[in-house]
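The primary structure of each chain is shown beneath.
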Amino acid sequence: MGLLDFFKSKPPARTSLEQLSYDIAYQILPHYVFRQAKQLFDIVESSSETSHFLFYHLACKSLSIPSLQEEAGQYHWHQFDLDANHSLLVLAYPQPVAVDLTGKSVKEITQSAGTWVIAPHFSGVVRDKRNEHIRYYVLGQTSMGGGTVLREIDDMATNANLGAGPAPDLDNFVALMRQRLEALVV
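Just so we're clear, the structure is a prediction, and the values are computed from it rather than from any experiment.

Glancing now at the pairing of strand 1 (residues 76-81). Each regular strand shows side chains that alternate between the opposite faces of the sheet. Where strand 1 and strand 2 (residues 86-92) come together, six bridges link them in antiparallel fashion. From the neighbouring strand, His76 faces strand 2, where its bridge partner is Ala92.

Written out as structure tokens, the structure reads:
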């Protein structure tokens, strides 16, 4: 190491996959869901491998950090028909590091803030094919007890807690989306 190497700026710290996933679920993806839904469905339905990690790359770009192929490959889109009139796109995020703040004091939680992220497991975009109405859901971690929570984000960026969710499994999430749809239709 040369004498002046000490003064060179250091590269930014690598952002965790949990933080990147959080940014995608709550900041980047909602923009596309509510402002460019047709393009989003077209991109995912194109079956292009790049559609799987497009939003990962956008998250990295927003933070001015390089994309890593091995990280990008952990994001996957899935498509489902919920019924004759509704389709579902699901973005599956990388398995997050478990967070459980149960039993921690407010002081401990405050002191550890920034060392953990309540990351998402899945984002789900439900589209009514008849009128193109969109609903956007995120199944994420809870901060206490190790469970999951279902949230709905609307086009005004309102983030509503819909309560406890199922185990973070794709089939469970799709079943939950079907149940939500049936409850809305009735």
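Core analysis: the largest hydrophobic core is formed by 29 residues, its most contacted members being Ile24, Leu29, Leu40, Tyr56 and Tyr136. Sort the elements by how many residues they give to this core and helix 1 (residues 17-35) lands first, with eight residues. Listed in part, the 15 residues of the second largest apolar core include Val90, Ala92, Tyr137 and Met177.

This part takes up the environment of Asp169. Summarising the element assignment, Asp169 is placed in the loop between strand 6 (159-164) and helix 6 (170-185). Residue classification places Asp169 among the partly exposed residues on the basis of a relative accessible area of 35%.

Across all of its chains, the model carries six aromatic pairs by this definition. Taken together, a centroid distance of 5.2 Å and an interplanar angle of 80° make the contact between Tyr32 and Phe55 edge-to-face. One end of the pair, Tyr32, is in helix 1; the other, Phe55, is in helix 3 (residues 49-62), with 23 residues separating them in the sequence. Measuring from ring centre to ring centre gives 6.0 Å for Tyr75 and Tyr93, while their planes differ by 85°; the resulting arrangement is edge-to-face. Of the two residues, Tyr75 is situated in the loop between helix 4 (69-72) and strand 1 and Tyr93 in the loop between strand 2 and helix 5 (106-112); the sequence distance between them amounts to 18 residues. The burial state of Tyr75 is the same as that of Tyr93; both residues are buried. Of the aromatic side chains, those joined through ring pairs into one cluster are Tyr32, Phe55 and Trp77. In this arrangement the basic side chain of Arg127 is found over the ring face of Phe41, its NZ or CZ atom lying 3.9 Å from the centre.

The rules behind the values
- Residue positions within a chain follow its written sequence, with the count starting from 1.
- Only residues with pLDDT of at least 70 are given local features in this predicted model, and only at 80 or more are side-chain atom pairs given and counted; all residues enter the totals for whole chains, interfaces and linings.
- Values reported for side chains reflect all heavy atoms of the structure, with hydrogen atoms and water molecules removed beforehand.
- Pairs of strands are assigned from DSSP output, requiring at least two bridges between the strands.
- Numbering goes from the N terminus for both helices and strands, where a helix is a DSSP run of H or I of at least four residues and a strand is a run of E of at least two.
- Put simply, buried Ala, Val, Leu, Ile, Met, Phe, Trp, Tyr and Cys residues joined by side-chain atoms within 4.5 Å make one nonpolar core.
- The buried label goes to any residue with under 20% of its type's maximum accessible area, the exposed label to any with over 50%, and the partly exposed label to all in between, with areas taken from a 1.4 Å probe on protein chains only.
- Within 6.5 Å between ring centres, the rings of Phe, Tyr and Trp (the latter by its six-membered ring) count as paired, and their orientation is classed by plane angle as stacked under 30 degrees, edge-to-face over 60, tilted in between.
- Counting as a charge over the ring demands two things of the Lys NZ or Arg CZ atom: a distance within 6 Å of the ring centre and an angle within 35 degrees of the ring normal.

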